Amino acid sequence: MSLFPAETVTVALCPEQLGIIWRSRRGEVQREMVTYSPLDAGNGWSGAVEALANWLDAARVPVGRMSMVLSGRFVRLALVPWQDAYLPTEEENALRRIHFETLYGNMQGWRITSDPGRYGEAHVACAIPDALVIQVQALCTARHLRCGAIAPYFVCAWNRWRRQVLPGQLWGVAESDSLVLGSRGPIGWTSLRILFTKPNPDSLMAAVAREWVLQGRIEGHPPKLHVPGMPLWTEGTVEQPEQAEWLTLDAEPEAPVLAMARLMEGACASWK
């Protein structure tokens, strides 16, 4: 058992694959991708915790902290409107759950959290499966790991680039064949939509064009889009590349699950 500052393990949980970054207390870094088979087609992430437990046992990670970022395929997001009347916490939680159930149906077994946001603004709330959180926490306890943050990738990416997004500009995160697309006005979020589409430039720009039509807009600022692991697009690699601003950590491509884990690792470092 290590008596020195803790090791850190950052995990990206995506459909059928994990991205893992293990940073030792000596500064050594190990990056791995682990493929798993879902044990239950009902939720898609079954098998992920077992695969992670097997990896931790094989790697023999000492006492440390583990954080996890979740693909949009395993979370639910909703735009919660501003309530102009003061409500006790219990009533706020109940209204938030009702809002989710209006969008998704029965939310039993889901853990709903949100940033309260600023006065007068709508805010984004997320729902994570209770069973997933409980299993990850139990895995950490059994291996003497501290369970750090468990966050949706959309939220992690928004916190990374939020200061670059202009009022009214579309902002999107595409991974695992889904796109979370939203926009903020001068006083908070004005739209949020989850779409199923391939994470390539042509498909994403087609989704943006449809969103502009739905919002009744002819034109606007070029959207800011992030696809984990995608290289910086240079002139000539994408038709009409000026139609969007592509946000990425590096100019070099890497596996999406590792890019997602790396962004989460950076976010956790900034929260210390």
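Chemist: Quick question: what am I supposed to make of the sheet that holds strand β7 (residues 123–129) here?
Modeler: Two orientations exist for strands paired in a sheet by backbone hydrogen bonds: parallel and antiparallel. Reading across the sheet, the 3 strands line up as β5-β7-β6 and stay open at both edges, with antiparallel pairing between neighbours. The open sheet has two free edges, formed respectively by β5 (76–80) and β6 (110–114), since each of these has just one partner strand. Strand-to-strand twist in this sheet, taken as the mean axis angle between neighbours without regard to direction, amounts to 25°. Here β5 runs beside β7; their pairing, made up of 5 bridges, is antiparallel.

Chemist: Looking at this structure, how should I read the pairing of strand β9 (residues 170–175)?
Modeler: A regular strand places its side chains on the two faces of the sheet in alternate fashion. The element β9 is largely enclosed, with a buried count of 6 among its 6 residues. Burial of the side chains of β9 extends over both faces: Leu170, Gly172 and Ala174 are buried on one face and Trp171, Val173 and Glu175 on the other. What sits between β9 and strand β10 (residues 178–185) in their antiparallel hairpin is a turn of 2 residues, with serine 176 showing a positive phi close to 50°. Pairing analysis gives 3 bridges linking β9 to strand β12 (residues 224–226), with the strands arranged parallel. Bridging across to β12, valine 173 finds its partner in histidine 226.

Chemist: Mind showing me how you'd approach the packing of aromatic side chains here?
Modeler: Here a ring pair, both rings aromatic, is described through the centre-centre distance and the interplanar angle of the planes. Per the stated rule, a full pass over the model turns up 7 aromatic pairs. Note on tryptophan 158 and tryptophan 189: the rings are 4.8 Å apart at their centroids and 55° apart in plane angle, and the pair reads as tilted. Of this pair, tryptophan 158 sits in helix α4 (residues 153–161) while tryptophan 189 sits in strand β11 (residues 188–196), placing them 31 residues apart in sequence. Assessed through its relative accessible area of 9%, tryptophan 189 is described here as buried. Members of the aromatic cluster, joined through ring pairs, are Phe154, Trp158, Trp161, Trp171 and Trp189.

Chemist: Sorry if this is basic, but what is going on with the pattern of salt bridges here?
Modeler: Between side chains of opposite charge, a pair can form when the charged atoms approach closely. Following the criterion strictly, the structure yields 9 salt bridges and no others. A salt bridge links glutamate 92 to arginine 96; the shortest N-O distance between them is 3.7 Å. Residue glutamate 92 and its partner arginine 96 are located together in helix α2 (residues 89–104), separated by 4 residues, close to a single helical turn. On the accessibility criterion, arginine 96 (11% relative accessible area) is buried.

Chemist: For this particular structure, what's the right way to read the sheet that holds strand β4 (residues 64–70)?
Modeler: In space, the 5 strands of this open sheet follow the order β3-β2-β1-β4-β8, with mixed pairing throughout. Looking at the sheet topology across the chains shown, the edges are occupied by β3 (29–35) and β8 (145–152). Strand-to-strand twist of the sheet, defined as the mean angle between neighbouring strand axes without regard to direction, takes the value 15°. Pairing of strand β1 (residues 7–14) with strand β2 (residues 17–23), which is carried by 7 bridges, proceeds in the antiparallel orientation. Residue pairing across strands places leucine 13 opposite leucine 18, the latter belonging to β2. Helix-sheet contacts for helix α3 (residues 130–142) involve β1, β4 and β8, and the interaxial angle to β8 is about 155°.

Chemist: I keep staring at the side chain of threonine 10 and nothing clicks. Help me out?
Modeler: Its place among the elements puts threonine 10 in strand β1. If sequence neighbours within four positions are ignored, threonine 10 has contacts with Gly19, Ile20, Ile21, Ser67, Ala261, Met264 and Glu265.

Chemist: Can you walk me through the side chain of glutamine 169 in this structure?
Modeler: Relative to the assigned elements, glutamine 169 resides in the loop between α4 and β9. A distance of 2.9 Å separates a polar side-chain atom of glutamine 169 from the backbone nitrogen of leucine 166. Glutamine 169 has contacts with Gln164, Gly182, Ser183, Arg184, His221, Pro222, Pro223, Lys224 and Glu245, leaving out every residue within four places of it along the chain.

Rules used in this analysis
Residues numbered from 1 in each chain as written. Predicted model: local features only at pLDDT ≥ 70, side-chain atom pairs only at ≥ 80, totals over all residues. Heavy atoms only, no water. Pairing = 2+ DSSP bridges. Helix = DSSP H or I, 4+ residues; strand = E, 2+ residues; numbered from the N terminus. Axes fitted to C-alpha atoms, helices over the stretch in contact; angles between N-to-C directions. Buried < 20%, exposed > 50% of the residue type's maximum accessible area, 1.4 Å probe, protein only. Phe/Tyr/Trp six-rings, centres within 6.5 Å; stacked < 30°, edge-to-face > 60°. Salt bridge = Lys/Arg side-chain N within 4 Å of Asp/Glu carboxyl O. Contact = heavy atoms within 4.5 Å. Polar contact = N/O pair within 3.5 Å; in protein donor to acceptor, adjacent residues only side chain to side chain.

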